[in-house]
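Read off the chains here:
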Amino acid sequence: MTEKTAVRGRKTWSSPRARALAAGCLVPVGAVGWWADRDGGLLWVARLFHHPLLFGVLAAGLLTAALIGAVRNLVVRVLAGAAFGLVLLMAFPFFLFALFELPREASDTAAPGRDDRSLVIVEGSAMIDPLWWVYVDEGRGPLTRRWQVGHFNGDAAENALAEASWEGPDRVRLVTGYAEDGTERVHLIDLDPGTGRPSRTVERG
């Protein structure tokens, strides 16, 4: 490749049309991430592509750059840049919140007698309230699918997750707080033996 061709290639990539096309490509990528993040979706795809805030800001930035490059009017350019700056300003608190309140995986326990199924507990918080998500990961490697078994908001003691464990390879036992008589609230969720899909999802709080 000659130097002249390389320069032409860089100009082509930096053109408004190329930037708009790149922004457009983020839409199906984000859709794939959203699809994978659904219950029973492929875990690695969701982790890689389900970042709607990040993709949204990138798409807005590329579209703004395309508009600035395509329009010669200085006023329009300034307004486009100011609009994107406002988007960044509004998105910044959400980035900070995501950074400091990022959920973390607290435990990952294999099912009895099965190494292709595990019970995963993820802990996070909503300001001062503790949060728990309980999942069953089914499969191995890139074929691993994630099913949600429970979601708990510890805004009240009776809604907090006290225990999550196996009661056999196809049953999960969840304990949340205590009833008025002092006994534990036990939730038993059966799983499909083949797919790991839970018969129901427990939500408290």
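Residues numbered from 1 in each chain as written. Predicted model: local features only at pLDDT ≥ 70, side-chain atom pairs only at ≥ 80, totals over all residues. Heavy atoms only, no water.

1. A word on the overall build of the protein chain
Then step 1. When helices and strands are tallied, the protein chain shows five helices and nine strands.
Then step 2. Reading the protein chain from its N end, one meets helices and strands in the order α-α-β-α-α-α-β-β-β-β-β-β-β-β.
Then step 3. Counting every position in the protein chain, which comprises 205 residues, the buried fraction comes to 32%.
Then step 4. Put simply, 41% of the contacts in the protein chain that link residues at least 6 apart link residues at least 24 apart.
Then step 5. Working note: accessible area of the protein chain is about 12,700 Å², and carbon and sulfur atoms make up 64% of it. (Helix = DSSP H or I, 4+ residues; strand = E, 2+ residues; numbered from the N terminus. Buried < 20%, exposed > 50% of the residue type's maximum accessible area, 1.4 Å probe, protein only. Contact = heavy atoms within 4.5 Å. Areas by Shrake-Rupley, 256 points an atom, 1.4 Å probe, with all protein chains shown as cover.)

2. A look at the pattern of salt bridges
Then step 1. Applying the stated criterion across every chain yields a total of eleven salt bridges.
Then step 2. Residues R117 and D170 are paired through a salt bridge, measuring 2.7 Å at the closest nitrogen-oxygen approach. In this pair, R117 sits in strand β3 (residues 117-126) while D170 sits in the loop between β6 (161-166) and β7 (171-178), placing the two residues 53 residues apart along the sequence.
Then step 3. Using a relative accessible area of 1% as the deciding quantity, one classes R117 as buried.
Then step 4. Linking R173 and E163 is a salt bridge whose minimum nitrogen-to-oxygen distance equals 3.1 Å. Here R173, found in strand β7, pairs with E163, found in strand β6; they are ten residues apart in sequence, far enough to count as distant.
Then step 5. Connected through salt bridges with shared partners, the residues R114, D116, R117, E138 and D170 form a single ionic network. (Salt bridge = Lys/Arg side-chain N within 4 Å of Asp/Glu carboxyl O.)

3. Structural notes on the nonpolar core
Then step 1. Core analysis: the biggest nonpolar cluster contains 17 residues, and V134, V172 and L174 have the highest contact counts within it.
Then step 2. At the level of secondary structure, the elements contributing two or more residues to this core comprise β3, β4 (129-138), β5 (145-153), β6 and β7.
Then step 3. Sequence-distant contacts of V134, defined by excluding residues within four places in its chain, comprise L119, V120, W147, Q148, V149, G150, F152, L161, A164 and L174.
Then step 4. Listed in part, the five residues of the second largest apolar core include V120, V122, L131 and Y135. (Core = buried A, V, L, I, M, F, W, Y, C linked by side-chain atoms within 4.5 Å.)

4. Some points on the packing of aromatic side chains
Then step 1. Inspection of the entire model under this criterion finds zero aromatic pairs.
Then step 2. The cationic tip of R146 hangs over the ring face of Y135; the distance from NZ or CZ to the ring centre is 4.6 Å. (Phe/Tyr/Trp six-rings, centres within 6.5 Å; stacked < 30°, edge-to-face > 60°. Lys NZ or Arg CZ within 6 Å of the ring centre and 35° of its normal.)

5. Looking at the pairing of strand β2 (residues 104-110)
Then step 1. Taken together, the six bridges between β2 and β3 define a ladder with antiparallel strand orientation. Its bridge partner lying in β3, R104 is registered against E123. (Pairing = 2+ DSSP bridges.)

6. Structural notes on a nonpolar patch on the surface
Then step 1. There is a patch of nonpolar side chains on the surface, built from L86, L89 and M90 and spanning about 340 Å² of accessible area.
Then step 2. Structurally, L86 is set in helix α5 (residues 74-100).
Then step 3. Residue classification places L86 among the partly exposed residues on the basis of a relative accessible area of 47%. (Patch = residues over 30% accessible without salt bridge, like charges linked within 9 Å, V, L, I, M, F, W, Y side chains within 5 Å.)

7. Quick notes on the environment of R114
Then step 1. Relative to the elements of secondary structure, R114 occurs in the loop between β2 and β3.
Then step 2. Setting aside its immediate chain neighbours within four residues, R114 contacts E138, P169, D170 and P193.
Then step 3. Side chain to side chain, R114 and E138 meet in a polar contact 3.2 Å long. (Polar contact = N/O pair within 3.5 Å; in protein donor to acceptor, adjacent residues only side chain to side chain.)

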